[in-house]
Amino acid sequence: MTDKLYAQMGIRIKAIRNEKGLTREQLAEKADISTQFLADIEAGNKGMSAATLYKLSKALCISGDYLLFGNENNECDIEDIIKAIPDSQKENAKKLLAVFAEALGNS
């Protein structure tokens, strides 16, 4: 049972990481864990502490509930969303956010 849970969590973490365009190294850095540990988690070879689950969910801007069980309930505040943007895309994100903020101010 535990092995299956680890495997499913690893699949979800890897899928979200790829969806967000993050390398394993980038996500490991954002979550303050080693790249090898992240690789082991993604492969389903290792579980993690609640603290690591929290750090990964914050780094990916996804709920811990989703990582654990696959329940889609994504609650992130704007700071979490901004932190999850890859550094290579932050300038584009700032420009889009400025346009969005201006549009809201004119409504």
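Criteria and cut-off values
- Here, residues in each chain are numbered from 1, in the same order as that chain's written sequence.
- In keeping with the predicted nature of the model, local features appear solely for residues at pLDDT of at least 70, side-chain atom pairs appear and are counted solely at 80 or more, and the whole-chain, interface and lining totals rest on all residues.
- As a rule here, side-chain values come from all non-hydrogen atoms in the structure, and water together with hydrogens is ignored.
- To qualify as a helix, a DSSP run of H or I must reach at least 4 residues; to qualify as a strand, a run of E must reach at least 2; elements of each kind are numbered from the N terminus.
- Throughout, exposure labels follow a simple rule: accessible area from a 1.4 Å probe, protein chains only, divided by the maximum for the residue type, with under 20% read as buried, over 50% as exposed, and the rest as partly exposed.
- Only heavy atoms enter the contact rule, under which two residues are in contact if any of them lie within 4.5 Å.
- Only the stretch in contact is used when a helix axis is fitted, and all axes are lines through C-alpha atoms; the angle between N-to-C directions ranges over 0 to 180 degrees.
- Any residue that is not Ala, Val, Leu, Ile, Met, Phe, Trp, Tyr, Cys, Pro, Asp, Glu, Lys or Arg is counted as polar, Gly included; the first ten are nonpolar and the last four charged.
- Here, nonpolar core means buried Ala, Val, Leu, Ile, Met, Phe, Trp, Tyr and Cys residues that are tied together by side-chain atoms lying within 4.5 Å of each other.
- By definition, a salt bridge exists where a carboxyl oxygen of Asp or Glu is found within 4 Å of a side-chain nitrogen of Lys or Arg.

Student: Which residues make up the overall build of the chain, and what values go with them?
Tutor: Along the backbone of the chain there are seven helices and zero strands. Each helix and strand of the chain, ordered N terminal to C terminal, gives the series α-α-α-α-α-α-α. Expressed as lengths along the three principal axes of its C-alpha atoms, the size of the chain is roughly 55 × 25 × 20 Å. Burial analysis of the chain (107 residues in total) assigns 31% to the buried set. Across the chain, contacts joining residues at least 24 apart in sequence account for 47% of those joining residues at least 6 apart.

Student: Could you give an account of the packing of helix α1 (residues 2-19) against helix α3 (residues 35-42), naming the residues involved and the relevant values?
Tutor: Orientation of α1 relative to α3, taken along the N-to-C sense of each, is 120°, at an axis distance of 7 Å. The segment α1 lies against α3, with Y6, G10, I11, I13, K14 and R17 engaging L38, I41 and E42. Residue composition of the contact of α1 with α3, by class: five nonpolar, one polar and three charged.

Student: Before we move on, can you summarise the nonpolar core with the specific residues and values?
Tutor: Counting residues in hydrophobic clusters, the biggest one holds 16 residues, and the most contacted among them are I13, L27, I33, L38, L56, L60 and L67. Listing elements by their share of this core, those giving two or more residues are α1, α2 (24-31), α3, α4 (50-60) and α5 (64-69). Ranked by residue count, the leading element in this core is α4, at four residues. Beyond its immediate stretch of four places on either side in the chain, L27 contacts I13, R17, L22, L38, L56, A59 and L60.

Student: Kindly report on the environment of E29, identifying the contributing residues and their values.
Tutor: For E29, the position within the fold is in helix α2. For the pair formed by E29 and A59, sequence separation is 30 residues and the distance between their alpha carbons is 9.1 Å.

Student: Now, about the pattern of salt bridges: what can you tell me, with residues and values included?
Tutor: Where charged atoms from two side chains of opposite charge approach closely, those side chains can pair. Across all of its chains, the model carries four salt bridges by this definition. Shared partners join several salt bridges into a network, and the residues in it are R17, R24 and E42.

Student: Hey, could you go over the side chain of R17 for me, with residue numbers and the actual values?
Tutor: Along the chain, R17 falls in helix α1. Here R17 falls in the buried class, since its relative accessible area comes to 6%. Here R17 is in contact with L22, T23, R24, L27, L38, E42 and L60, once residues within four sequence places are set aside.

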